[in-house]
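Geometric and topological summary
Letter by letter, the chains look like this.
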Number of protein chains: 2
Amino acid sequence: MKQAWKVPEPTLRRLPWYLAFVKLLKGRGEVVVSSTQIAKEINVDPSQVAKDLSFINITGKTRVGYEVDTLVAVLEDFLGFTSRHKAFLFGVGSLGASLLHDTGLRQYGLEIVAGFDVREEMRGRLINGIPVFHMRDLPAKQKEYGATIGVITVPVERAQEVTDRIIGAGIKALWNFTPFRIRVPETVVVQNTSIYAHLAVMFNRLNAINPEV
Amino acid sequence: MKQAWKVPEPTLRRLPWYLAFVKLLKGRGEVVVSSTQIAKEINVDPSQVAKDLSFINITGKTRVGYEVDTLVAVLEDFLGFTSRHKAFLFGVGSLGASLLHDTGLRQYGLEIVAGFDVREEMRGRLINGIPVFHMRDLPAKQKEYGATIGVITVPVERAQEVTDRIIGAGIKALWNFTPFRIRVPETVVVQNTSIYAHLAVMFNRLNAINPEV
C-alpha cells in the first residue's frame, strides 16, 4: 500500500485482472511472465499493461519478463489484499447476511468484524461467527474494534441517515451496496458497488442480442 | 425492455440511481418529480438527467415534471427488473452460496433456479430452497429449466472451462463474478462484477487520504 496514491482508477481496476491471471500461472508452475503475455490474456494493449505495472514497485527483465512469484506478492501487497482492514457491516438483511457469509472478502483484505441492524431481534446473533449489534451500540463498539471501513447494505430509505451515523462514529471509507447516492464529506472515501445496476446493463445487452428473450 | 438497445452503458448505470431516488419519493407520498430535483439529488447535470430519461418511454410536463408512480413503473420495466430472467449459478462456494441467499436479486428480475458444482458432496443440496446439481447434469437441467443467464462464481482456474461449458449448453448471458477475463463468442453477453477489484480501489483511496491506516 506504499505510495499507492495517484493511481488512476482504470489501472486499479485492471491490476486485479492481472493478479488473477498471474496467480493462475503460479498454480501451473510457471516461473516468468511477460507483459505481452498478460496483455494477450486480458485483451489489453501491451503498452497499457507496462504502464499499469509501472505504478507498482517491480522491474521486469528485458526479453524475459517478470518473476511470477514476485509479481503475485507485489500486486497483492499493492492492492491492499495482504493488509487487514477492519470493517463494520450495516444492515443485516438478505444482501448484508450474504456478505457476512462470504469468506472470500477476508482473503482480499477485508475483515468484517461486526454487523449492525436496527431490528431488536437481530441483536446478539452470530452470523458465520460474526456478532450482530444494535445500531445504537455503534459508538461503543467502534471504540472497542476501531473499524476503518463501513459496508452499507441497508434499505435505500435509510442509506443517508446510516451514512451520517457511520461517519459520525469516525469511519473513513464506505462501501455502498445500495442503489442510493450517499453524500459524504470530502475526507471520506465512497466506493459504490451497485450489483443491481450491473444486472440492468446485462439485461439490456441480452435483450439487444436476443430480442425475443 | 422494449427498444432498450443502443442505450449507452453510463446511462444504464445511472438509471438505477434515479429509480432508487424516485422510489424513495414514492414512499414519502410525493406525486411529481422534476429532472432538476433528480439531478440535484444524484449530483449529475440536469441536462444529463433529461438526456438519460429521453431513452425511456416517458414524457414529463413542463414546469411540473414526471409523475412519480409512472416514472417508477416505466424505469423498472425498462431496466428489466419486472421481467423474470431465469439463471443458473456455477460454483456454490462462499460467494456463490451467498448469492443464492440474496433474495434481493429476485426483486430485480434475476431468478436463480439452480446451482451447479463439481463437488459430489454438493449434489442434491438445497440452499435457500434452490437445488444444487452436479456440473455434468447441466445439459439435462438446461433442457428442463431453459435458463438464459449464467452466474459465474467458480475459482479463477476453472473460469474459462466453465464458461465454455455454459455457452455450450446454450446460455446467452454471463454474469462473471470472478476476477478472470473470460473469453466468449460475440453473440454472448458478459457482465463483469469483480467486487474484489472495487475493494482494491477503496483501499487505495483510503490509503491516499489516511496514509497511516
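Check the entry above for the structure.
Report on the accompanying structure. Here the structure is a predicted model, which is why all the values come from computation and not from measurement.

Running from N to C, helix α1 (residues 9-27) of chain A and helix α9 (residues 195-209) of chain B point in directions that differ by 130 degrees, and their axes come no closer than 8 Å. Taken together, the axes of α1 of chain A and α9 of chain B lie oblique to each other. Crossing hand, α1 of chain A versus α9 of chain B: right-handed. Contacts between α1 of chain A and α9 of chain B involve Glu9, Leu12, Arg13 and Pro16 of chain A from the former and Ala197, His198, Ala200, Val201, Asn204 and Arg205 of chain B from the latter. Class assignment for the residues of the contact of α1 of chain A with α9 of chain B results in five nonpolar, two polar and three charged.

Contact with chain B, which involves 66 residues of that partner, is made by 66 residues of chain A. Here chain B and chain A share an interface that buries about 6600 Å² over both sides, 70% of which is from carbon and sulfur atoms. Viewed at the interface, chain A and chain B are joined by two salt bridges. The shortest N-O distance in the salt bridge between Arg183 of chain A and Glu41 of chain B comes to 3.1 Å. Between the two partners, chain B and chain A, sit 19 residue pairs in polar contact (both at pLDDT 80 or more). Of all the secondary structure elements, the ones that give two or more residues to the side of chain B that touches chain A are α1 (9-27), α2 (35-42), α5 (94-101), α6 (104-107), β8 (173-176), β9 (189-192) and α9 of chain B. Ranked by residue count, the leading element in the side of chain B that touches chain A is α9 of chain B, at 15 residues. In terms of residue class, the side of chain B that touches chain A is built from 37 nonpolar, 19 polar and 10 charged.

If you rotate chain B by 180 degrees and push it 0.0 Å along the axis, it lands on chain A with an RMSD of 0.0 Å. Such a turn and shift between the copies fits a two-fold axis. For chain B, the residue whose C-alpha comes nearest the rotation axis is Ser98 of chain B, separated from it by 2.2 Å. In this assembly, 100% of the residues forming the interface of chain B have copies in chain A that are likewise at the interface, indicating an isologous arrangement.

All names here are of chain A. Counting buried positions over the six residues of strand β3 (residues 85-90) gives five, a clear majority of the element. In terms of strand pairing, β3 meets strand β4 (residues 110-117) through six bridges, oriented parallel. What sits directly across from Phe88, in β4, is Ala114. Both β3 and strand β7 (residues 149-152) contribute to a ladder of four bridges, which runs parallel. Across the sheet, Ala87 pairs through a bridge with Ile149, a residue of β7.

As a further point, take a nonpolar patch on the surface. Taken together, the side chains of Val31, Val32 and Val64 of chain A present a nonpolar region at the surface, about 230 Å² in accessible area. Following the sequence through the fold, Val32 of chain A ends up in strand β1 (residues 32-33).

Another aspect to go through is the packing of α1 of chain A against helix α2 (residues 35-42) of chain A. Residue and element names in this part refer to chain A. Remark: α1 packs on α2, axes separated minimally by 10 Å, with the N-to-C direction vectors making an angle of 110 degrees. With respect to α2, the axis of α1 lies roughly perpendicular. For the pair α1 and α2, the crossing hand works out as right-handed. Facing Trp17, Tyr18, Phe21, Val22 and Leu25 of α1, the residues of α2 in contact are Gln37, Ile38, Glu41 and Ile42. Its residues assigned to classes, the contact of α1 with α2 comprises seven nonpolar, one polar and one charged.

With that out of the way, let us pick up the sheet that holds β3 of chain A. Residues and elements named next belong to chain A. Strand order in the open sheet formed by seven strands is β5-β6-β4-β3-β7-β8-β9, with mixed pairing between adjacent strands. Looking at strand neighbours, the two that pair on one side only are β5 (126-127) and β9 (189-192), the edges of this open sheet. Running at roughly 155 degrees to strand β8 (residues 173-176), helix α8 (residues 159-168) makes contact with β3, β7 and β8 of the sheet.

Cut-offs used in this document
Residues numbered from 1 in each chain as written. Chains lettered and ligands numbered in written order. Predicted model: local features only at pLDDT ≥ 70, side-chain atom pairs only at ≥ 80, totals over all residues. Heavy atoms only, no water. Axes fitted to C-alpha atoms, helices over the stretch in contact; angles between N-to-C directions. Helix = DSSP H or I, 4+ residues; strand = E, 2+ residues; numbered from the N terminus. Parallel < 35°, antiparallel > 145°, perpendicular 65-115°, else oblique. Left-handed = near helix turned anticlockwise from the far one by under 90°. Contact = heavy atoms within 4.5 Å. Nonpolar A, V, L, I, M, F, W, Y, C, P; charged D, E, K, R; others polar. Buried area = accessible area lost by both parts, 1.4 Å probe. Salt bridge = Lys/Arg side-chain N within 4 Å of Asp/Glu carboxyl O. Polar contact = N/O pair within 3.5 Å; in protein donor to acceptor, adjacent residues only side chain to side chain. Least-squares fit on C-alpha atoms with pLDDT ≥ 70 in both. Buried < 20%, exposed > 50% of the residue type's maximum accessible area, 1.4 Å probe, protein only. Pairing = 2+ DSSP bridges. Patch = residues over 30% accessible without salt bridge, like charges linked within 9 Å, V, L, I, M, F, W, Y side chains within 5 Å. Areas by Shrake-Rupley, 256 points an atom, 1.4 Å probe, with all protein chains shown as cover.

In short, shape yes, function no, at least from these values alone.
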